[in-house]
Every structure is written in C-alpha cells, then in structure tokens.
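Secondary and tertiary structure notes
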Amino acid sequence: MATTARGFLLVNKHFQVESFQNKEINQMKKAVKDEMRMASASSRRKIISQEYDVRKKHFGFVNVATGEERQKLDSWKSNISGGSGRLLQDGLVYRQNFLVRSFEICFDGKLSLAALTNYLQDTALEQCRVIGISADGFGSTPEMSRQDLIWVTSTLQIVVDSYPSWHDCVEVDTWFYPSGQNSVGRDWVVRDGKTGSTLAQATSLWVLMNKKTRKLSKLKEEIRDELAPHMRNCDPIIVKDSRKLLRLDVDTADFAREGVKPEWDQLDLNQHVNHVQYINWILEVVPRSCVEHHKLSAITLEYRKECTTDSVLQSLARIVKDGVRHNSNDKVIELEHLLLLENGSEIARGSTSWTPRDFPAEITTNHKVLITEPAK
C-alpha cells in the first residue's frame, strides 16, 4: 500500500511539475509575441534568437516537452531566417532561393511564367510569416483576420530579361511599401543564383477584400500600423504602362477560346481561382507559332473580379503589333487580352509582349507569315 501510495504521489507530482513548466512555456510564448508586435523589424530576429536560447537553457534538460515540442525547438533557428530564405536590409527585404525543377519547365527547358509567378507569391507569403505578421490565410495580419479581410492582387506587371533553365538556382528578393490610400505595393527582383545577374522584375498592387461579403475594403489605420514597421520607403521598380487596355469582344478579337471552366484544384485558400491561373488562361489563346518562335518578355494584368468553380469564361486576344505590319525593326509581337464571364462581366484585362527566340533567320521569316494570319 505504501509503495502504491508513494508511486501515486510521485506520478502526481510529476504531472504537477510538467503542468507548471508547460504553463511557463506558454506564458513565455505570449510574452515574446507581444514583444514582437511592438518591436521594430530589425529587432525581431534578435528577440526570436534570445527566446530560443532561454528555452533551450531552462527547459532542455527536463522532460517537459513532447516530441513535437522538441522538434519545434530544434527548428526555431532555421525559422529565424525562413528556412531557405533570409531577411536583408534591416529586415525590410526578404530573399529566398529556388532550384528550378523538372515539372516547372516548358518545352524549351526554361522556367515557365506560371512557375516564376508562383515563386513571387511564395516569397511574398514567406516574408509575412518570417517577420511575424502572418496570422492565417495568405499573409493576413492578426487585425485582418479579426475583421475577416484577405489580400487580393489588383495589378501585376512582370518583365523578363532571361528565363532560367532546369537545375538553375534562382534568387528572389521581395519587399512591400505604401501605395495610395487603400493598397500596398509589392516588388520583386529575380536573379541568377550563381552570377547575380537580373533575370526578371515584377511589381504589383494588393488590396483588401472581405472574405464573407467578397467586397473590397478600405485599408484601415490599425492594419496599416501592423504593416508600417516592415515597409520600405520607395517607388515601384517598374514604371506603370500608361497605355489604356481596351475592351475586346468576340467580334473584335483575333483569337478566342470559349467555355473555359475553372477546376477545384485551381482554387486557393481564399476560395477563389488563384491569380496565377489567370495567366495560364490568357496564354492558352496565343497562337502556337508565336509561342514556338517568340518568348514572353513582359505581361501586365489588371484584375477586375474573382471567379470560382461555377464560372464559365471566355479568353480573348487581339494583335496590337506583330513586328511586320507596323514598320518595326524590333520584331516584337504585342497582344491585348481579356477574360470575360459568359454574362459579359470582366474578370481581367492584360497585355503581353513577345521577343524572338534565338533561331536562324529562315525560321524567323517563316514565323512572320504565320503570326500575321489570325486563327479562325
């Protein structure tokens, strides 16, 4: 009986100690989170590192952590720098490296534009996570989550100088900055991981949308205060194209595809079609001859409305400049694009520029004839 009672007391005491120590850890976590919210961007990494060292020193030798908790402890150091990424310039710029994989390349062995755009999205969301302002969803801050708000892309402009190849290492830098009353600007620079040469640049505008009403919302002061310590004071790296994108219809378009239906796997966490998929739909109507003999060098998109799996779309395109009939020597092809719902509502407007690939002259000459004949 005595042994049993003693054993019970020891076990009970162990649970009490473990409960107390876990409570200490939770209190420490809360204190660090509160300190992180008030700290400047340059102080965040130092706070996380100090908290890690304290936890390891005081709790590493006692049996207070489960296997999952120990795993979290061991991964804290890597989380400080974002795993494969790290913060630069006092925490205002986030850099992440990518290795171009086989399923991300096109027929020419080069990275696809959709994969490149996924790199841009991933670095943006990773920066929000690493600097500690991402509560849930796609980079939503704690205050955004309380108000049921999410980020949506309003405009996106990408300029590509050169596409990386399979197995190349790509380095992506991103940052964000104030832009107007109700939007936030975000830019990217994509570089060759070995040479450091610039491969592409991109700029975008993000706005807020209520995830329940699906209507755009103002950027309120409390949300702006969450973002302010991490914003750069800068201008967009790409000057906005001042040309107005004109509306198209089936009669005025040179190329058209009807009956486009989104699939379930094209939805993201915001429960609508991800903006990257819009790029795929736009490129689907580009003539094969253009894709084979030209490479996409620039794209501009203006997002007007979200769409879901219930939507049925039309993808339209019109030749603005074909490098032949417009007295041009640069051989650049320019197209205008429009995504429409069946009822005529606009989903997105866009434009693309295409420059010749490095092919022999006779192939380029044949291509000129093909592109001047719009698809029936």
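Anything mentioned here points back to the structure above.
Residues numbered from 1 in each chain as written. Predicted model: local features only at pLDDT ≥ 70, side-chain atom pairs only at ≥ 80, totals over all residues. Heavy atoms only, no water.

Observations regarding the overall build of the protein chain
Within the protein chain, the secondary structure is distributed over 9 helices and 12 strands. Burial statistics for the protein chain: of 376 residues in total, 46% are counted as buried. Taking contacts inside the protein chain between residues at least 6 apart in sequence as the whole, the part at least 24 apart equals 70%. Counting every atom, the protein chain has about 20300 Å² of accessible surface; 51% of that belongs to carbon and sulfur. (Helix = DSSP H or I, 4+ residues; strand = E, 2+ residues; numbered from the N terminus. Buried < 20%, exposed > 50% of the residue type's maximum accessible area, 1.4 Å probe, protein only. Contact = heavy atoms within 4.5 Å. Areas by Shrake-Rupley, 256 points an atom, 1.4 Å probe, with all protein chains shown as cover.)

Some details on unusual backbone geometry
Residues other than glycine seldom take positive phi values, yet Asp-90 does so here, at roughly 60 degrees. Relative to the elements of secondary structure, Asp-90 occurs in the loop between strand E1 (85–88) and strand E2 (93–99). A relative accessible area of 59% means that Asp-90 is categorised as exposed. A positive phi angle, close to 60 degrees, is found at Arg-214, a residue other than glycine.

Re the environment of Asn-118
Checked against the element boundaries, Asn-118 lands in helix H4 (residues 113–130). Distance in space between the C-alpha atoms of Asn-118 and His-275 is 9.8 Å, their sequence separation being 157 residues.

Some details on the pattern of salt bridges
By the definition in use, this model includes 15 salt bridges. In this structure, the salt-bridge partner of Glu-346 is Arg-304, at a minimum N-O distance of 3.3 Å. Residue Glu-346 is found in strand E12 (residues 346–356), and its partner Arg-304 is found in the loop between strand E9 (294–303) and strand E10 (313–321); the two are separated by 42 residues along the sequence. The partly exposed category is assigned to Arg-304, whose relative accessible area is 43%. Put simply, Arg-95, Glu-171, Asp-173 and Arg-191 are held in one network by salt bridges that share partners. (Salt bridge = Lys/Arg side-chain N within 4 Å of Asp/Glu carboxyl O.)

Regarding the nonpolar core
Counting residues in hydrophobic clusters, the biggest one holds 62 residues, and the most contacted among them are Leu-113, Ile-158 and Tyr-278. Per element, the largest residue contribution to this core is 8 residues, and it comes from H4. Of the residues that make up this core, three or more belong to each of domain 1 (84–240) and domain 2 (242–358). Setting aside its immediate chain neighbours within four residues, Leu-113 contacts Ile-158, Val-160, Tyr-163, Ile-279, Leu-283, Leu-296 and Ile-299. (Core = buried A, V, L, I, M, F, W, Y, C linked by side-chain atoms within 4.5 Å. Domains from an automatic or database assignment.)

Quick notes on the environment of Ser-162
With respect to the helices, strands and loops of the structure, Ser-162 is situated in the loop between strand E3 (149–160) and strand E4 (169–179). Relative accessible area serves as the criterion here: at 33%, Ser-162 is assigned to the partly exposed category. As for Ser-162 and Leu-111, which are separated by 51 residues in sequence, their C-alpha atoms are 9.7 Å apart.

Observations regarding the side chain of Ser-140
In this fold, Ser-140 is placed in the loop between H4 and helix H5 (142–146). Note on Ser-140: relative accessible area 2%, which makes it buried. A polar atom in the side chain of Ser-140 sits 3.5 Å from the backbone oxygen of Leu-149. When sequence neighbours within four positions are dropped, the list of residues in contact with Ser-140 reads Ile-133, Ser-134, Ala-135, Ser-145, Leu-149, Ile-150 and Trp-151. (Polar contact = N/O pair within 3.5 Å; in protein donor to acceptor, adjacent residues only side chain to side chain.)

Some points on the pairing of E1
Pairing of E1 with E2, which is carried by 4 bridges, proceeds in the antiparallel orientation. In the sheet register, Leu-87 faces E2, and the bridge partner there is Tyr-94. (Pairing = 2+ DSSP bridges.)

Looking at the packing of aromatic side chains
Here the structure, examined in full by the defined rule, presents 4 aromatic pairs. One residue, Arg-186, lies across the ring of Trp-206, its end atom 5.4 Å from the ring centre. It is Arg-232 that lies over the ring of Trp-175; its NZ or CZ is 4.9 Å from the centre. (Phe/Tyr/Trp six-rings, centres within 6.5 Å; stacked < 30°, edge-to-face > 60°. Lys NZ or Arg CZ within 6 Å of the ring centre and 35° of its normal.)

Comments concerning helix H7 (residues 275–283)
Of all 9 residues that make up H7, 7 are buried, and the element is covered over most of its length. For H7, every residue scored as buried is listed here: His-275, Val-276, Gln-277, Tyr-278, Ile-279, Trp-281 and Ile-282. Residue Asn-274 occupies the N-cap position of H7, its side-chain oxygen lying 2.9 Å from the main-chain nitrogen of Val-276.

Describing the side chain of Ser-353
For Ser-353, the location among the structural elements is in strand E12. Excluding anything up to four places from it in sequence, Ser-353 contacts Lys-295, Leu-296, Ser-297, Ala-298, Val-332, Ile-333 and Glu-334.

A few points about the pairing of E12
Within E12, 9 of the 11 residues are buried, which leaves the element mostly enclosed by the surrounding structure. Where E9 and E12 come together, 9 bridges link them in antiparallel fashion. Bridge pairing in E12 links Thr-300 to Ser-351. Sheet topology places strand E11 (residues 333–341) next to E12; 8 bridges connect them, and they run antiparallel. Residue pairing for E12: Leu-338 is matched across the bridge by Arg-349. Count of turn residues in the E11/E12 antiparallel hairpin: 4 residues, of which Gly-344 carries a positive phi of about 95 degrees.

As for the packing of H4 against H7
In the contact formed by H4 and H7, the axes pass within 10 Å of each other and the chain directions differ by 165 degrees. The angle between the axes of H4 and H7 places the two elements in the roughly antiparallel class. For the pair H4 and H7, the sense of crossing is right-handed. Packed against H4, whose contacting residues are Leu-113, Ala-114, Thr-117, Asn-118 and Gln-121, the element H7 presents His-275, Val-276, Ile-279, Asn-280 and Leu-283 at the interface. Its residues placed into classes, the contact of H4 with H7 shows 5 nonpolar, 5 polar and no charged. (Axes fitted to C-alpha atoms, helices over the stretch in contact; angles between N-to-C directions. Parallel < 35°, antiparallel > 145°, perpendicular 65-115°, else oblique. Left-handed = near helix turned anticlockwise from the far one by under 90°. Nonpolar A, V, L, I, M, F, W, Y, C, P; charged D, E, K, R; others polar.)

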